[in-house]
Amino acid sequence: MDSYKNVETTANPDNLGVKIERPVVISGPCSAESREQVINTALQLHKLGIKIFRAGIWKPRSRPGNYMGSGSVGLEWLKEVKQLTGMLTAVEVATKDHVEEALKNDVDILWIGARTTVNPFAVQELAESMKGTNKQVLIKNPINPDLDLWIGAIERLVKVGISNIGVIHRGFSLYKNKKYRNEPLWQIPLDLKECFPNLFMICDPSHICGNTELIYEVSQKALDLNFDGLMIESHINPSKALSDAKQQITPLELDTLLKKLRIRKQNLDFSYSLDNLRKIIDEKDFELIRILSDRMNVVKKIGEIKKENNILILQRDRWESILHNIKLFSEEFDVNTEFLTNVFKLIHQESINQQSILMNKD
Ligand code: PEP
Ligand code: MN
């Protein structure tokens, strides 16, 4: 993983000459549908302080026959948005023609969609066509949970000399996703961040959730995990949206949601108090390990007795009574019962292993 650490990825909307506070918010409709819809949504978002406007121009639809976006004419509407509001604009590009059109029409941020990141040929073609641009390029995660494909897309762009790279976490498609449209699998973007510590990373709760109810919760989680920003779809009339109607919110709803988000500090101002608490944790961990070691010694003594008397290792009643005690103590000491049960299952498993080694030794 170390080899990535030198790769400078500097995507940062501030580079485009507009001061944007953290968290960076990108918002706008899933698809540009008409001039009126685009301009009205943008005006409302601008009034609420949003600085970057998104709109899909060419839509990658899973099934034919669904709305495929306005096509290039939508880029004219985005140009108008820039003139009217000064907002930066962002669109998805999936082919070299899209890149050419978007650059010609002065789009500020290009993003590579999840259905494109999965395809190394397509990413390579996009990378070649973007060569020489200093535009921001944001790469969505591939639809399947494959960290290498995501890393590979970043590398392909870096290799042609593009350094203004950031990523968008939009969740992963699993067969029959339940709670979410696309499972967040937070560990994957966190692992990516391990590879590229300076990577500009935002979260797209709209595509993770697929509905409006969970957007707040997922947005908060992303901020708590130190994401740099959010991309949230908004539409002046979500129920009439031609794509992703279920997950879009109005600009006003977006404003309410953003105001509710808790922005946490990187660290305590008085970091020494955090250090002190960490020292206490270290001591407690040491105590835990010592107690586990003592416990294991007792387990071994019991093993000796079982061996001498040739009795079974697993004593069902005993395990049941341990489980019973766990439940009582977890309530008394306010520790999550399921968590404690899992911990004790592991301890019990290890105790059995140790006794089995001992009893089968000649
Ligand atoms: C979108 O942002 O509208 C979109 C199509 O996203 P994704 O590539 O994440 O599906
Ligand atoms: Mn969408």
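For clarity, every value in this text was computed on a predicted model and none was experimentally measured.

Trainee: Account for the packing of helix H12 (residues 316-332) against helix H13 (residues 337-359), naming residues and giving values.
Mentor: At a minimum axis separation of 9 Å, H12 and H13 run at an interaxial angle of 145 degrees. By crossing handedness, the relation of H12 to H13 is classed as right-handed. Residue-level contacts link Trp 319, Ile 322, Leu 323, Ile 326, Lys 327 and Ser 330 of H12 to Thr 337, Leu 340, Thr 341, Phe 344, Lys 345 and His 348 of H13.

Trainee: Now, about the site of ligand 1: what can you tell me, with residues and values included?
Mentor: Around ligand 1, the surrounding shell consists of Cys 30, Arg 54, Lys 59, Glu 92, Trp 111, Gly 113, Ala 114, Arg 115, Lys 140, Arg 170, His 207 and Glu 233. Between Glu 233 and ligand 1, the recorded distance is 3.2 Å, taken from a side-chain N or O atom to an oxygen atom. Considering ligand 1 on its own, with 300 Å² of exposed area, one finds that the protein chains cover 97% of that surface. Counted by class, the shell around ligand 1 contains three nonpolar, two polar and seven charged residues.

Trainee: So what's going on with the nonpolar core? Residues and values would help.
Mentor: Core analysis: the largest hydrophobic core is formed by 64 residues, its most contacted members being Phe 53, Val 91, Met 130, Ile 139, Leu 157 and Leu 192. Apart from the residues lying within four places of it in its own chain, the contact partners of Met 130 are Val 93, Val 99, Leu 110, Ile 112, Val 137 and Ile 162. Within the second largest apolar cluster, 13 residues are counted, among which are Ile 20, Ile 109, Leu 138 and Met 231.

Trainee: Just give me the short version of the domain arrangement of the protein, but keep the residues and values in it.
Mentor: Along its sequence, the protein is organised into domain 1 (3-260) and domain 2 (271-359). Of note, the centres of domain 1 and domain 2, computed from C-alpha atoms alone, are 47 Å apart.

Trainee: Give me the coordination of the manganese ion (ligand 2): which residues, what numbers.
Mentor: Bound to the manganese ion (ligand 2) are the protein donor atoms Cys 30 (SG), His 207 (NE2), Glu 233 (OE) and Asp 244 (OD), situated 2.1 to 2.4 Å from the metal. Considered as a linear motif, the donors of the manganese ion (ligand 2) on their single chain read C-x176-H-x25-E-x10-D. Taken together, the residues span a long stretch of sequence, with Cys 30 in the loop between strand E1 (24-28) and helix H1 (35-47) and Glu 233 in strand E8 (residues 229-233) at a distance of 203 residues. Residue Cys 30 is classed as buried on the basis of its relative accessible area of 2%.

Trainee: Report on the packing of aromatic side chains, specifying residues and quantitative values.
Mentor: Per the stated rule, a full pass over the model turns up three aromatic pairs. Between Trp 150 and Phe 172, the aromatic rings sit 6.5 Å apart at their centres with planes inclined by 80 degrees, giving edge-to-face as the arrangement. On the criterion of sequence distance, the pair formed by Trp 150 in helix H6 (residues 147-159) and Phe 172 in the loop between strand E6 (165-169) and helix H7 (187-195) is long-range, its members being 22 residues apart. Seen in terms of ring centroids, Phe 329 and Phe 333 are 6.4 Å apart; in terms of plane orientation they differ by 55 degrees. Their pairing is tilted. Judged by its relative accessible area of 44%, Phe 329 is partly exposed. Above the plane of the ring of Tyr 216 lies Lys 260, whose end atom (NZ or CZ) is 4.2 Å from the centre.

Trainee: Give a detailed account of the environment of Gly 210, specifying residues and quantitative values.
Mentor: Within the element layout of this structure, Gly 210 appears in the loop between helix H8 (205-209) and helix H9 (215-224). Between the alpha carbons of Gly 210 and Gln 248 there is a distance of 8.5 Å; along the sequence they are 38 residues apart. Here Gly 210 is in contact with Arg 181, Lys 246 and Gln 247, once residues within four sequence places are set aside.

Trainee: Summarise unusual backbone geometry; cite the residues concerned and give the values.
Mentor: Peptide bonds are mostly trans, and most non-glycine residues show a negative phi. For the bond running from Arg 22 to Pro 23, omega is -5 degrees, close enough to zero to count as cis. Checked against the element boundaries, Pro 23 lands in the segment before E1.

Trainee: An account of the sheet that holds strand E5 (residues 136-140) is requested, with residue identities and associated values reported.
Mentor: Strand pairing in a sheet relies on backbone hydrogen bonds. The paired strands run either parallel or antiparallel. Read around the closed barrel, the eight strands follow the order E1-E2-E3-E4-E5-E6-E7-E8; overall the barrel is parallel. Pairs of neighbouring strands in the sheet enclose a mean axial angle of 25 degrees, with direction left out of account. Where E6 lies against strand E7 (residues 200-203), four bridges are found, and the strand directions are parallel. When the bridges of E7 are listed, His 169 appears paired with Cys 203.

Trainee: Summarise the environment of Val 343; cite the residues concerned and give the values.
Mentor: Structurally, the position occupied by Val 343 is in helix H13. The partly exposed category is assigned to Val 343, whose relative accessible area is 29%. Separated by 50 residues in the primary sequence, Val 343 and Ser 293 place their C-alpha atoms 15 Å from one another.

Trainee: Explain the pattern of salt bridges to me, and be specific about the residues and the numbers.
Mentor: The final tally for this structure, using the stated rule, is 16 salt bridges. A salt bridge links Glu 128 to Lys 131, with the nearest nitrogen and oxygen atoms 3.6 Å apart. Among the ionic pairs, Glu 320 bridges to Arg 316, the shortest N-O distance being 3.9 Å. Remark: Arg 316 and Glu 320 occur in helix H12; sequence separation between them is four residues, near one turn of the helix.

Trainee: Run through the pairing of E5, naming residues and quoting values.
Mentor: The element E5 is largely enclosed, with a buried count of five among its five residues. Residues of E5 alternate between two faces, with Gln 136, Leu 138 and Lys 140 on one and Val 137 and Ile 139 on the opposite face, all of them buried. The sheet contact formed by strand E4 (residues 109-112) and E5 spans four bridges and is parallel. The residue bridging Ile 109 from the neighbouring strand is Gln 136, located in E5. In terms of strand pairing, E5 meets E6 through four bridges, oriented parallel. Residue pairing for E6: Ile 139 is matched across the bridge by Val 167. Between the parallel elements E5 and E6, the chain passes through H6 in a crossover that is right-handed.

Scoring rules and cut-offs
Residues numbered from 1 in each chain as written. Chains lettered and ligands numbered in written order. Predicted model: local features only at pLDDT ≥ 70, side-chain atom pairs only at ≥ 80, totals over all residues. Heavy atoms only, no water. Axes fitted to C-alpha atoms, helices over the stretch in contact; angles between N-to-C directions. Helix = DSSP H or I, 4+ residues; strand = E, 2+ residues; numbered from the N terminus. Left-handed = near helix turned anticlockwise from the far one by under 90°. Contact = heavy atoms within 4.5 Å. Near = heavy atom within 4 Å. Polar contact = N/O pair within 3.5 Å; in protein donor to acceptor, adjacent residues only side chain to side chain. Areas by Shrake-Rupley, 256 points an atom, 1.4 Å probe, with all protein chains shown as cover. Nonpolar A, V, L, I, M, F, W, Y, C, P; charged D, E, K, R; others polar. Core = buried A, V, L, I, M, F, W, Y, C linked by side-chain atoms within 4.5 Å. Buried < 20%, exposed > 50% of the residue type's maximum accessible area, 1.4 Å probe, protein only. Domains from an automatic or database assignment. Donors = N, O, S within 2.8 Å, 3.2 Å for Na, K, Ca; no water. Phe/Tyr/Trp six-rings, centres within 6.5 Å; stacked < 30°, edge-to-face > 60°. Lys NZ or Arg CZ within 6 Å of the ring centre and 35° of its normal. Pairing = 2+ DSSP bridges. Salt bridge = Lys/Arg side-chain N within 4 Å of Asp/Glu carboxyl O. Right-handed = clockwise from strand over helix to strand, strands pointing away.

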